[in-house]
Amino acid sequence: MRSQNAFMPSLVLMSVFLVSPEIAESRLTVAQLRTTAVPFRKSCIRKVGTTEAAVRAVENGDFSQGHTFQCYYKCALEKMKAIKHNKLDPEEVHRQVALLAVDDEIKPLTAMVNDCFAKASSEDICEAAWQTAQCCFSTIKELCPIP
């Protein structure tokens, strides 16, 4: 049986949303979303055994990394709920974009998701995640939410 203390964080969070509805309706820019995803980045770097420098290199257009590194993007997209049952899930990404993104970024993010998820043709999920990230960073780097 759970103690009353186990429910306190939920009650506090719920009361904040009830008292301040603007908090519940706040949306984030892609830059803010990327900042909130920093723990995902760090976790995935450790999980696949890559480096921060390698991730930054991709963000700057160096797509020469190997298969092990491609799995970094699988990890990141899984944490972002963009991969479900080992398959890319653009519908979930569209749902998240609609809920979380600021209005002026929704349309370009939706177009990028449509384009980049369609271009990810590999049956290997690590490679498909990599293809998605490569497309994202090549399209509009500033709007790529992948950490």
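Residues numbered from 1 in each chain as written. Predicted model: local features only at pLDDT ≥ 70, side-chain atom pairs only at ≥ 80, totals over all residues. Heavy atoms only, no water.

**Some thoughts on unusual backbone geometry**
Unusually for a residue other than glycine, K81 sits at a positive phi of about 65 degrees. Its place among the elements puts K81 in the loop between α6 (67-79) and β1 (83-84). In the Ramachandran plot, H85 falls in the positive-phi region, its phi being about 55 degrees despite a non-glycine side chain. Examined against the element boundaries, H85 turns out to sit in the loop between β1 and β2 (87-88). Owing to a relative accessible area of 71%, H85 belongs among the exposed residues under this scheme. (Helix = DSSP H or I, 4+ residues; strand = E, 2+ residues; numbered from the N terminus. Buried < 20%, exposed > 50% of the residue type's maximum accessible area, 1.4 Å probe, protein only.)

**Re the nonpolar core**
In this structure, F69, Y72, Y73, L77, L109 and I146 are the most contacted members of the largest nonpolar core, which totals 38 residues. Counting only elements with at least two residues in this core, the list comes to α4 (38-48), α5 (52-59), α6, α7 (90-100), α8 (103-119) and α9 (125-139). Per-element accounting of this core gives the leading share, nine residues, to α9. If sequence neighbours within four positions are ignored, I146 has contacts with R34, Y73, A76, L77, M80, A133, C136 and F137. (Core = buried A, V, L, I, M, F, W, Y, C linked by side-chain atoms within 4.5 Å. Contact = heavy atoms within 4.5 Å.)

Don't take any of this as a statement about function, it's just geometry.
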